[in-house]
Amino acid sequence: QVQFVESGGGLVQPGGSLRVSCAASGSISSILFMGWYRQAPGKQRELVARASSGGNTYYKDSVKGRFTISRDNTENTVLLQMNSLKPEDTAVYFCNAWPPRVDYWGKGTLVTVSS
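Every chain begins its residue count from 1, and numbering advances along the sequence as written. Confidence filtering applies because this is a predicted model: local features only for residues at pLDDT of at least 70, side-chain atom pairs given and counted only at 80 or more, and all residues used for totals across whole chains, interfaces and linings. No hydrogens and no water enter the side-chain calculation; it runs on all heavy atoms of the structure.

Q: Explain the nonpolar core to me, using residue names and the numbers behind them.
A: Definition of nonpolar core: a set of buried residues of the types Ala, Val, Leu, Ile, Met, Phe, Trp, Tyr and Cys, connected through side-chain atoms within 4.5 Å. The buried label goes to any residue with under 20% of its type's maximum accessible area, the exposed label to any with over 50%, and the partly exposed label to all in between, with areas taken from a 1.4 Å probe on protein chains only. The biggest cluster of nonpolar side chains holds 30 residues, and the ones touching the most others in it are Phe 4, Trp 36, Phe 67, Ile 69, Leu 80, Met 82 and Tyr 93. Going along the chain from the N terminus, every DSSP run of H or I of four or more residues is numbered as a helix, and every run of E of two or more is numbered as a strand. For this core, the elements supplying multiple residues, two or more each, are strand E3 (18-24), strand E4 (33-39), strand E5 (46-52), strand E7 (67-72), strand E8 (77-82), strand E9 (91-97) and strand E10 (109-113). Whether two residues touch is decided by their heavy atoms; if any such pair falls within 4.5 Å, the residues are in contact. Not counting residues up to four positions away in its chain, the partners in contact with Tyr 93 are Glu 6, Trp 36, Tyr 37, Arg 38, Val 48, Phe 67, Leu 80, Met 82, Gly 108, Thr 109 and Val 111.

And the structure:
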(Lines give C-alpha, C1' and ligand atoms only; values in the text may rest on other atoms or scores of the structure.)
Protein backbone atom coordinates (compact mmCIF):
# COMPACT_ATOMS: atom_id res chain seq x y z
CA GLN A 1 0.00 0.00 0.00
CA VAL A 2 1.37 3.37 -1.03
CA GLN A 3 1.31 6.31 1.36
CA PHE A 4 1.68 9.92 0.31
CA VAL A 5 3.28 12.69 2.33
CA GLU A 6 2.68 16.26 1.22
CA SER A 7 4.97 19.15 2.11
CA GLY A 8 5.92 22.65 1.09
CA GLY A 9 2.86 24.61 2.12
CA GLY A 10 3.01 27.92 3.89
CA LEU A 11 1.94 31.53 3.94
CA VAL A 12 2.44 33.51 0.75
CA GLN A 13 1.29 36.92 -0.40
CA PRO A 14 -1.12 37.31 -3.32
CA GLY A 15 0.82 37.12 -6.57
CA GLY A 16 3.51 34.98 -5.00
CA SER A 17 4.68 31.48 -5.80
CA LEU A 18 4.93 28.23 -3.91
CA ARG A 19 5.83 24.68 -4.77
CA VAL A 20 4.24 21.78 -2.93
CA SER A 21 5.67 18.28 -3.04
CA CYS A 22 4.28 14.80 -2.63
CA ALA A 23 6.50 11.88 -1.71
CA ALA A 24 5.23 8.35 -2.12
CA SER A 25 6.35 5.48 0.10
CA GLY A 26 6.29 3.15 -2.88
CA SER A 27 6.32 3.15 -6.63
CA ILE A 28 3.85 5.36 -8.50
CA SER A 29 4.84 4.10 -11.92
CA SER A 30 1.83 1.79 -12.07
CA ILE A 31 -0.60 4.58 -11.16
CA LEU A 32 -1.94 5.88 -14.48
CA PHE A 33 -3.05 9.27 -13.16
CA MET A 34 -1.65 11.19 -10.20
CA GLY A 35 -3.51 14.23 -9.00
CA TRP A 36 -3.31 17.22 -6.71
CA TYR A 37 -6.47 18.06 -4.82
CA ARG A 38 -7.38 20.84 -2.44
CA GLN A 39 -9.96 21.49 0.21
CA ALA A 40 -10.80 25.00 1.28
CA PRO A 41 -12.52 25.71 4.61
CA GLY A 42 -16.18 24.75 4.41
CA LYS A 43 -15.87 23.38 0.89
CA GLN A 44 -15.59 19.97 -0.70
CA ARG A 45 -12.29 18.56 -1.80
CA GLU A 46 -11.67 19.18 -5.49
CA LEU A 47 -9.25 18.08 -8.16
CA VAL A 48 -6.82 20.84 -9.11
CA ALA A 49 -4.53 19.08 -11.57
CA ARG A 50 -3.59 15.62 -12.71
CA ALA A 51 -0.78 14.09 -14.71
CA SER A 52 -0.77 10.81 -16.56
CA SER A 53 2.18 8.47 -16.59
CA GLY A 54 2.58 9.42 -20.23
CA GLY A 55 2.87 13.11 -19.50
CA ASN A 56 -0.62 14.35 -20.32
CA THR A 57 -1.97 16.93 -17.91
CA TYR A 58 -5.30 18.37 -16.85
CA TYR A 59 -5.96 21.56 -14.90
CA LYS A 60 -9.01 23.01 -13.26
CA ASP A 61 -10.02 26.12 -15.22
CA SER A 62 -9.28 28.51 -12.38
CA VAL A 63 -5.62 27.43 -12.16
CA LYS A 64 -4.80 27.06 -15.85
CA GLY A 65 -1.72 29.04 -16.76
CA ARG A 66 -0.75 29.47 -13.11
CA PHE A 67 -0.17 25.93 -11.81
CA THR A 68 2.06 23.22 -13.22
CA ILE A 69 1.97 19.58 -12.18
CA SER A 70 4.86 17.21 -12.72
CA ARG A 71 5.61 13.68 -11.69
CA ASP A 72 8.80 11.69 -11.41
CA ASN A 73 8.20 7.96 -11.54
CA THR A 74 11.84 7.29 -10.66
CA GLU A 75 11.84 9.41 -7.52
CA ASN A 76 8.17 8.62 -6.81
CA THR A 77 7.32 12.28 -6.35
CA VAL A 78 4.64 14.60 -7.65
CA LEU A 79 5.13 18.35 -7.62
CA LEU A 80 2.75 21.26 -8.00
CA GLN A 81 4.30 24.60 -8.90
CA MET A 82 1.88 27.40 -8.10
CA ASN A 83 2.43 30.92 -9.45
CA SER A 84 0.38 34.11 -9.31
CA LEU A 85 -1.38 32.80 -6.22
CA LYS A 86 -4.72 34.27 -5.22
CA PRO A 87 -6.51 34.32 -1.86
CA GLU A 88 -9.03 31.83 -3.28
CA ASP A 89 -6.19 29.31 -3.66
CA THR A 90 -6.04 29.05 0.13
CA ALA A 91 -6.67 25.41 1.04
CA VAL A 92 -5.14 22.20 2.26
CA TYR A 93 -3.48 20.49 -0.70
CA PHE A 94 -3.37 16.71 -1.08
CA CYS A 95 -1.99 14.30 -3.62
CA ASN A 96 -3.64 11.04 -4.57
CA ALA A 97 -4.29 8.86 -7.55
CA TRP A 98 -7.09 9.83 -9.91
CA PRO A 99 -9.71 8.68 -9.33
CA PRO A 100 -8.69 9.01 -5.70
CA ARG A 101 -8.30 6.01 -3.43
CA VAL A 102 -9.58 6.34 0.12
CA ASP A 103 -6.57 4.56 1.54
CA TYR A 104 -4.13 6.91 -0.21
CA TRP A 105 -5.16 10.19 1.44
CA GLY A 106 -2.39 11.86 3.43
CA LYS A 107 -2.59 14.74 5.86
CA GLY A 108 -2.07 17.37 3.20
CA THR A 109 -0.16 20.62 3.35
CA LEU A 110 -1.76 23.98 4.12
CA VAL A 111 -1.34 26.82 1.64
CA THR A 112 -2.47 30.25 2.82
CA VAL A 113 -2.54 33.16 0.41
CA SER A 114 -2.92 36.39 2.30
CA SER A 115 -1.40 39.81 2.66
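Here the narrative resumes.
Q: So what's going on with the packing of aromatic side chains? Which residues, and what values?
A: Pairing of aromatic side chains here covers Phe, Tyr and the six-membered ring of Trp, requires ring centres within 6.5 Å, and sorts the geometry by plane angle: under 30 degrees stacked, over 60 edge-to-face, intermediate tilted. In total, this model carries 4 aromatic pairs according to the counting rule given. Between Tyr 37 and Trp 105 the ring centres are 5.1 Å apart and the planes differ by 75°, which places this aromatic pair in the edge-to-face class. Of this pair, Tyr 37 sits in strand E4 while Trp 105 sits in the loop between E9 and E10, and the two are 68 residues apart along the sequence. Geometrically, the ring pair formed by Phe 94 and Trp 105 is edge-to-face, given 5.8 Å between the ring centres and 80° between the ring planes. Of this pair, Phe 94 sits in strand E9 while Trp 105 sits in the loop between E9 and E10, and the two are 11 residues apart along the sequence. For Trp 105, a relative accessible area of 29% gives the class partly exposed. One aromatic cluster in this structure is built from Tyr 37, Phe 94 and Trp 105. Ring-over charges, as used throughout, are those where CZ of Arg or NZ of Lys falls within 6 Å of the ring centre and within 35 degrees of the ring normal. Just above the ring of Tyr 104 sits the side chain of Arg 101; from NZ or CZ to the centre is 4.4 Å.

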